[in-house]
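Read off the chains here:
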Amino acid sequence: MQIMGKGRDALVVCSDKSMGIGITIWDVDTGDHLLHIPTCASPSHGLLCLRNHFLVASQIHRHGSVGGGAIFIWALNKPQLPLRSYPVEAIGPLSCTKDGIYLAGGALSGNAYLWEIANGRLLKTWHAHDKSLNCLLFSNDDSLLISGSNDGMICVWSVISLLDTADSGSLPSLLHYSSEHRSSVTGLLNTSGSSSSVLVSSSLDGTCKVWDFVSGRLIQTQVYPLAITAIVLDPGEQLLFCGSVDGRIFVNRLDIGLLEDPFFVAEDQPVVLKEHNGAITALAFSESGLISASEDCTICMWDVVNLVIIRKFDHRKGAVTNMTVIPQSSLLSVSNHQRVSNGFYVSLLDKYPQPANSSKGRITLPSSCCSFKENQISLDFRSTDSLNQHISDLELPRFSFSALEYGQKDGTPAAMQMKVETCIENRIWATRMTKHVMEMNKHLQSRLLDLMQCRLLWPTEIDTPTSRKRKMLKIESPLLQGEEEPQSSTKFHDE
């Protein structure tokens, strides 16, 4: 393996043609081959990098089998066999939260799954769509999960309800859904800038739609002459790149927030990049520029300023279905003196819901991340000041990097564990409180709708003879304090 620069990117690609093809990793800047990982064949949107330390890939199910699917997890800096998990059915698209704690997967049946990666627990499984799931995406703040299906439906789910493990088979809270697309959803993007609630979706119907997925409002629609198969935003999130079924890449300016008309259809002529001879299967950005992969077994790197190709990769083993960019430093092996005092864990993913304390296979990756021990320390609820003081008492000015590796205990790991457990307890509390607030909001929305419905019905009631008579009696009765009330008025008030 060549010497890898810590500030450089690596390109990770795989195909769905055969398990023997595996995963290929190139140096983005030089085109040098860095690593090959055997035994992987992943469908579209089925490959992701977890915290820049693990590769996670769903595997193509065997033809004719009911299940046959699998999810493999590789530690990038360790030459070892992957963890092989076998869900109850074949999984296609995958998505994980930014902190690497939760993994979501979608199936051909329309079912969706949510796992906790550290211990492999299956937290939730539910029927999300009537057709197969094509795309999954967590929002930037990890509060929402967006899913797109083969029938053009897009659903937005509350992660709070997904984490409610009281009934793993119950239907989670569906915040919004849309059937604006007339064909299969092929891509989902979430902006990370000031307009972090903006979602961009692409479809085989030849459109890209811009949404405010918090309110569920459609902002605008971009129309193209061909089916769109992949999308990506430039790092500045001002340009939208849309790969099409014939290999062309359309480039449009994305004016988010400047126009909010759902009936607006963009008519600007997009810039077109043309080099591939097959459908675009994946798009990504690196520090060097735009990267496009195609069914023609080629991968191109573009200078998007001058609209020229910088470099071309040949993947003759098969059409690329997945592509992601990772730091080359993720591939560097970690020596003993480089290890830190805690690790980030991944476990075998449960096939069915399991007890929380069940043990299973696990890969440990030393990192600066949080540590999830098999036997977690149970914390008592105590005041913030006393808890922080207790953590401070456990910390030491210096510690040995090799202590954790050989199972030795010292003050610093205990302090780190205390901090981790405190964060977990706070997250659980925040989750419960958020759920209560959401339930209250739903109740208030229901009451508001009832009041609006009553107000809409009032004019009809006033127009009836009975309502007019009652209104007159209510107005006139207080004015006749010195007179005897009519019989009809007395009878009305008695009622």
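A quick note: this is a predicted structure, and the numbers were derived from the prediction, not measured.

Student: It is not clear to me how the environment of L240 should be interpreted in this structure. Could you clarify?
Tutor: Here L240 is to be found in strand β21 (residues 239-244). With near-sequence residues (within four places) excluded, L240 lies in contact with L189, V200, C208, Y224, I231, V232, L233, F250, V251, N252 and L254.

Student: What is the right way to look at the packing of aromatic side chains in this model?
Tutor: Here a ring pair, both rings aromatic, is described through the centre-centre distance and the interplanar angle of the planes. Using the criterion set out here, one finds six aromatic pairs in the structure. With a centroid separation of 5.7 Å and an interplanar angle of 15 degrees, the aromatic rings of Y113 and W115 are classed as stacked. No difference in accessibility class separates Y113 from W115, as the two residues are buried. Ring geometry for W126 against W157: centres 5.6 Å apart, planes inclined by 70 degrees, an arrangement best described as edge-to-face. Residue W126 is found in strand β11 (residues 121-127), and its partner W157 is found in strand β14 (residues 154-158); the two are separated by 31 residues along the sequence. Taking the relative accessible area as the measure of exposure, W157 reaches 3% and is therefore buried.

Student: Would you mind going over the pattern of salt bridges with me for this structure?
Tutor: Close approach of charged atoms allows side chains of opposite charge to pair. Overall, the coordinates contain six salt bridges when judged by the stated rule. Residue D27 is joined to R8 by a salt bridge in which the shortest nitrogen-to-oxygen separation is 2.5 Å. Within this pair, whereas D27 is found in strand β2 (residues 23-27), its partner R8 is found in the segment before β1 (9-15), the two being separated by 19 residues in sequence. The partner of D314 in a salt bridge is R316, with the nearest N and O atoms 3.5 Å apart. Residue D314 is classed as partly exposed on the basis of its relative accessible area of 42%. One continuous salt-bridge network, built from bridges that share partners, spans R8, D27 and D29.

Student: What should I look at first to understand the sheet that holds strand β28 (residues 308-314) in this one?
Tutor: The strands making up a sheet associate through hydrogen bonds between their backbones, and the pairing can be parallel or antiparallel. Ordered in space as β25-β26-β27-β28, the four strands form an open sheet in which the pairing is antiparallel. In this open sheet, the two edge strands, each paired with only one partner strand, are β25 (280-286) and β28. Within the sheet, the average angular offset between the axes of one strand and its neighbour, ignoring direction, is 20 degrees. Sheet topology note: the strand β27 (residues 298-303)/β28 ladder contains six bridges and is antiparallel. Note on β28: the bridge partner recorded for T298 is D314.

Student: What's the story with the sheet that holds strand β6 (residues 70-75) in this structure? I'm lost.
Tutor: Ordered in space as β4-β5-β6-β7, the four strands form an open sheet in which the pairing is antiparallel. In the strand order of this sheet, the two ends are held by β4 (47-50) and β7 (83-85), each with one partner. On average, each strand axis in the sheet is inclined to that of its neighbour by 20 degrees, with strand direction left out of account. Judged from the three bridges that link them, β6 and β7 form a sheet pairing that is antiparallel. Looking at β7, one finds that I71 is bridged to S85.

Student: When you look at unusual backbone geometry in this model, what are you seeing that I'm missing?
Tutor: Leaving glycine aside, a negative phi is the common case for residues, and trans is the common case for peptide bonds. Look at C297: it is not a glycine, yet its phi comes out positive at around 70 degrees. Within the secondary structure, C297 is located in the loop between β26 (289-294) and β27. Positive phi is not limited to glycine here, since L307 has a value of about 60 degrees. Taking relative accessible area as the criterion, L307 reaches 39% and is therefore assigned partly exposed.

Student: Is there a simple way to explain the nonpolar core in this structure?
Tutor: Grouped together as the largest cluster of nonpolar side chains are 20 residues, with contacts concentrated most on L50, V56, L103, W115 and V346. Ignoring anything within four residues of it in the chain, the contact list for L103 reads L48, V56, L94, S95, C96, Y113, L114, W115, I117 and L349. The next biggest cluster of nonpolar side chains, apart from the first, holds 18 residues, and it includes I23, I25, C40 and I326.

Quick notes on the rules
Residues numbered from 1 in each chain as written. Predicted model: local features only at pLDDT ≥ 70, side-chain atom pairs only at ≥ 80, totals over all residues. Heavy atoms only, no water. Helix = DSSP H or I, 4+ residues; strand = E, 2+ residues; numbered from the N terminus. Contact = heavy atoms within 4.5 Å. Phe/Tyr/Trp six-rings, centres within 6.5 Å; stacked < 30°, edge-to-face > 60°. Buried < 20%, exposed > 50% of the residue type's maximum accessible area, 1.4 Å probe, protein only. Salt bridge = Lys/Arg side-chain N within 4 Å of Asp/Glu carboxyl O. Pairing = 2+ DSSP bridges. Axes fitted to C-alpha atoms, helices over the stretch in contact; angles between N-to-C directions. Core = buried A, V, L, I, M, F, W, Y, C linked by side-chain atoms within 4.5 Å.

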